[in-house]
Amino acid sequence: MAVPLLDVNAQNHPLESEFNSAFQRVFRTGHFIMGQEVTAFEQEIASLVKAKHALGISSGTDAILLALMALDIGPGDEVLCPAFTFFATAGCVARAGATPVFVDACPACFNLDLRDARKKITPRTKAIVPVHLFGQSANMNGVQELAKEHGLRVIEDAAQAIGAGYRGRSVGTIGDFGCYSFFPSKNLGGLGDGGLLVTEDDELAKKAISLRNHGMSPKYYHSHIGGNFRLDALQAAFLRVKVPHYAGYTSNRQKNAAFYTERLSTLPGVTVAPASACACINSSPTALPEARITLPQALPGHDHIWNQYTLRVIGAGQRDALRDHLTARQIGCEIYYPLTMDQQACFADLPATSKVGCDVSHQLAGEVLSIPIYPELSGGQKEEVVAAIADFLTTQSAA
Ligand SMILES: Cc1ncc(COP(=O)(O)O)c(C=O)c1O
């Protein structure tokens, strides 16, 4: 049985008539830019994540860029951001004219290692951008304490984590700004690109609203240089179709993760990354136990929403061997991410101080493999994934 890494049609096709109605509703108004659909969607997300201000944005990337612009971050400023993540975070920092300084990752939960972040603060450090990678919150108490101590702004890249929690609060609502993405593979995936920016700060919200539309207020008067960062009315209407289903999608992802953890952890050579090994929440983390495969885990107080279920496959060549094995059995899997930010060609000219000490990130890039976790996976498909991994462990010798 084939198991794709993601099946957007399995989620979208059952909602076809609702999408058609949403299309008709917007089409008939002839109102395609901003307006009632965008406002209604913003209100729905604000209530979902309990944010004071929510702004529909053209993409998650644009939400990060807009947040940086609203905080006046630019040339001469350094911004701490993860080495092990998707490119958009660091890309936006560089596009804003600031210098990204890459922070190493935690070997257990993949998020920012705050001990490394602390070492990399200089008088030029203006902000920190934690990414809630794969759907699990970074240590936001730690981030906020560090930011307070050094007067840093905090932009949460919650592109992969809308609705994830941190000690009872939604990620994205804790820092100065939070950025979400509705790229189709995200937990709340649209029918195209889309994003959202949240903030609790009235002044920052006002500035971001203006920058979203060319820094224009009133019409044709520009106090700031902004851009076109608007979310389409049609996209907002499509996303609204999915909002009522969101809790169900999340609960299915959590059930799928629990199933994998229960079943895979009984296989020889497989362990779950213990919370004690997390460098984000422990000042002296324990070493990860010896294993051929380490499974991810939700840390206490972190409501993981499992955008990805990411294995660490230990041993030279073993990750690629497992990827090839799964691919041969028509099981989708992906390496998020094969190259760290400090290794990217486009950042070759960054100063060496931006790129030092990312050893854990490099190791992760060689070991991680994400397996299917999407909400519509059937019981049979999940069994197939477990059976294929069990087969790999018994037929392939360890390095
Ligand atoms: C961590 C992270 N940040 C930012 C983005 C950018 O979001 P978008 O694709 O909506 O621009 C993504 C999306 O892939 C992401 O995974």
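Quantities reported herein were computed from a predicted structural model and do not represent experimental measurements.

## Let's talk about the domain arrangement of the protein chain
Interfaces are often described in size by the accessible area the parts lose on coming together. Split by domain assignment, the protein chain resolves into domain 1 (8-245) and domain 2 (247-398). In this complex, domain 1 contributes 50 residues to the contact, which on the side of domain 2 involves 50 residues. Summed over both partners, the interface of domain 1 with domain 2 comes to about 4,000 Å²; 61% of that surface belongs to carbon and sulfur atoms. Taken together, the links from domain 1 to domain 2 amount to zero salt bridges. Where domain 1 packs against domain 2, one counts 27 residue pairs in polar contact (both at pLDDT 80 or more). Elements with a minimum of two residues in the side of domain 1 that touches domain 2: helix H1 (8-12), helix H5 (88-95), strand E3 (99-103), helix H6 (114-119) and strand E6 (165-166). Counting residues per element, the side of domain 1 that touches domain 2 draws most heavily on E3, at five residues. Partitioned by chemical class, the residues of the side of domain 1 that touches domain 2 number 27 nonpolar, 15 polar and eight charged.

## Quick word on unusual backbone geometry
Excluding glycine, most residues fall at negative phi; most peptide bonds, likewise, are trans. Along the chain, serine 217 connects to proline 218 via a cis peptide bond; the corresponding omega equals -10°. For proline 218, the position within the fold is in the loop between helix H8 (202-212) and helix H9 (233-242). Cis geometry is adopted by the peptide bond preceding tyrosine 337, which originates at tyrosine 336 and carries an omega value of 15°. Take tyrosine 337: it is sitting in the loop between helix H11 (318-328) and helix H12 (359-367). The phi angle at methionine 34 is positive, at roughly 55°, despite the residue not being glycine. Examined against the element boundaries, methionine 34 turns out to sit in the loop between helix H2 (16-29) and helix H3 (36-49).

## What about the site of the ligand?
With respect to spatial proximity, 15 residues lie near the ligand, and among them Gly60, Thr61, Asp157, Ser181 and Lys186 are the closest. One of the backbone nitrogen or oxygen atoms of glycine 60 is found 2.8 Å away from an oxygen atom of the ligand. Contacts to the ligand include lysine 186, whose side-chain N or O atom sits 2.7 Å from an oxygen atom. If you tally residues by element for the shell around the ligand, the top one is helix H4 (residues 60-70), at three residues. Tallied by class, the residues present in the shell around the ligand amount to six nonpolar, seven polar and two charged.

## Describing a nonpolar patch on the surface
On the surface, Phe23, Phe27, Phe32 and Ile33 cluster together into a nonpolar patch covering about 380 Å² of accessible area. Following the sequence through the fold, phenylalanine 32 ends up in the loop between H2 and H3. Taking relative accessible area as the criterion, phenylalanine 32 reaches 39% and is therefore assigned partly exposed.

## Considering the nonpolar core
The nonpolar side chains of a soluble globular protein tend to be buried with one another. If you look at the biggest cluster of nonpolar residues, it comprises 48 residues, and the most contacted ones within it are Phe41 and Ile128. In contact with isoleucine 128, not counting residues within four places along its chain, are Leu80, Leu112, Leu114, Ala117, Val143, Leu146, Leu152, Arg153, Val154 and Ile155. One finds Val131, Leu311, Leu322 and Ile371 within the second-largest nonpolar core, a separate group that totals 39 residues.

## Section: the sheet that holds strand E8 (residues 177-181)
With mixed pairing, the seven strands of this open sheet are ordered in space as E1-E9-E8-E5-E4-E2-E3. Every other strand in the sheet has two partners, leaving strand E1 (53-57) and E3 as the edge strands with one partner each. Averaged over all pairs of adjacent strands, the angle between their axes in this sheet comes to 25°, without regard to strand direction. Of the strands in this sheet, strand E2 (78-82), E3 and strand E5 (153-157) are in contact with H5, which crosses E3 at around 150°.

## Digging into H9
Counted residue by residue, H9 has eight buried out of 10 residues, so it is predominantly covered. Buried within H9 we find Ala233, Gln235, Ala236, Ala237, Phe238, Leu239, Val241 and Lys242. Buried residues belonging to H9 abut H1, H2, H3 and helix H10 (246-264).

## As for the pattern of salt bridges
Under the defined criterion, the tally for this structure stands at 18 salt bridges. Glutamate 37 is paired through a salt bridge with arginine 25; the nearest N and O atoms lie 2.7 Å apart. Of this pair, glutamate 37 sits in helix H3 while arginine 25 sits in helix H2, and the two are 12 residues apart along the sequence. Residue classification places arginine 25 among the partly exposed residues on the basis of a relative accessible area of 38%. The closest approach of N and O atoms between arginine 319 and aspartate 320, which form a salt bridge, is 2.7 Å. Judged by relative accessible area, which is 7%, arginine 319 ranks as buried.

## A few points about the sheet that holds strand E12 (residues 302-303)
The strand order E7-E6-E12 describes an open sheet built from three strands, whose pairing is antiparallel. Since the sheet does not close on itself, it has two edges, and those belong to strand E7 (169-170) and E12, each with one partner.

## Digging into the packing of aromatic side chains
Inspection of every chain in the model, using the stated rule, returns 15 aromatic pairs. Relative to phenylalanine 347, the ring of phenylalanine 102 lies with its centre 5.5 Å away and its plane at 50°, an arrangement referred to as tilted. You can see phenylalanine 102 sitting in strand E3 and its partner phenylalanine 347 sitting in the loop between H11 and H12, a full 245 residues away along the chain. A single burial state applies to phenylalanine 102 and to phenylalanine 347, both of which are buried. Three or more aromatic residues joined by ring pairs make a cluster, and in this case those are Phe84, Phe86, Phe110, Phe134, Tyr336 and Tyr337. Here the basic side chain of lysine 382 rests over the ring of phenylalanine 259, its NZ or CZ set 5.2 Å away from the ring centre.

Procedures and definitions
- Residues numbered from 1 in each chain as written.
- Predicted model: local features only at pLDDT ≥ 70, side-chain atom pairs only at ≥ 80, totals over all residues.
- Heavy atoms only, no water.
- Domains from an automatic or database assignment.
- Contact = heavy atoms within 4.5 Å.
- Buried area = accessible area lost by both parts, 1.4 Å probe.
- Salt bridge = Lys/Arg side-chain N within 4 Å of Asp/Glu carboxyl O.
- Polar contact = N/O pair within 3.5 Å; in protein donor to acceptor, adjacent residues only side chain to side chain.
- Helix = DSSP H or I, 4+ residues; strand = E, 2+ residues; numbered from the N terminus.
- Nonpolar A, V, L, I, M, F, W, Y, C, P; charged D, E, K, R; others polar.
- Near = heavy atom within 4 Å.
- Patch = residues over 30% accessible without salt bridge, like charges linked within 9 Å, V, L, I, M, F, W, Y side chains within 5 Å.
- Areas by Shrake-Rupley, 256 points an atom, 1.4 Å probe, with all protein chains shown as cover.
- Buried < 20%, exposed > 50% of the residue type's maximum accessible area, 1.4 Å probe, protein only.
- Core = buried A, V, L, I, M, F, W, Y, C linked by side-chain atoms within 4.5 Å.
- Pairing = 2+ DSSP bridges.
- Axes fitted to C-alpha atoms, helices over the stretch in contact; angles between N-to-C directions.
- Phe/Tyr/Trp six-rings, centres within 6.5 Å; stacked < 30°, edge-to-face > 60°.
- Lys NZ or Arg CZ within 6 Å of the ring centre and 35° of its normal.

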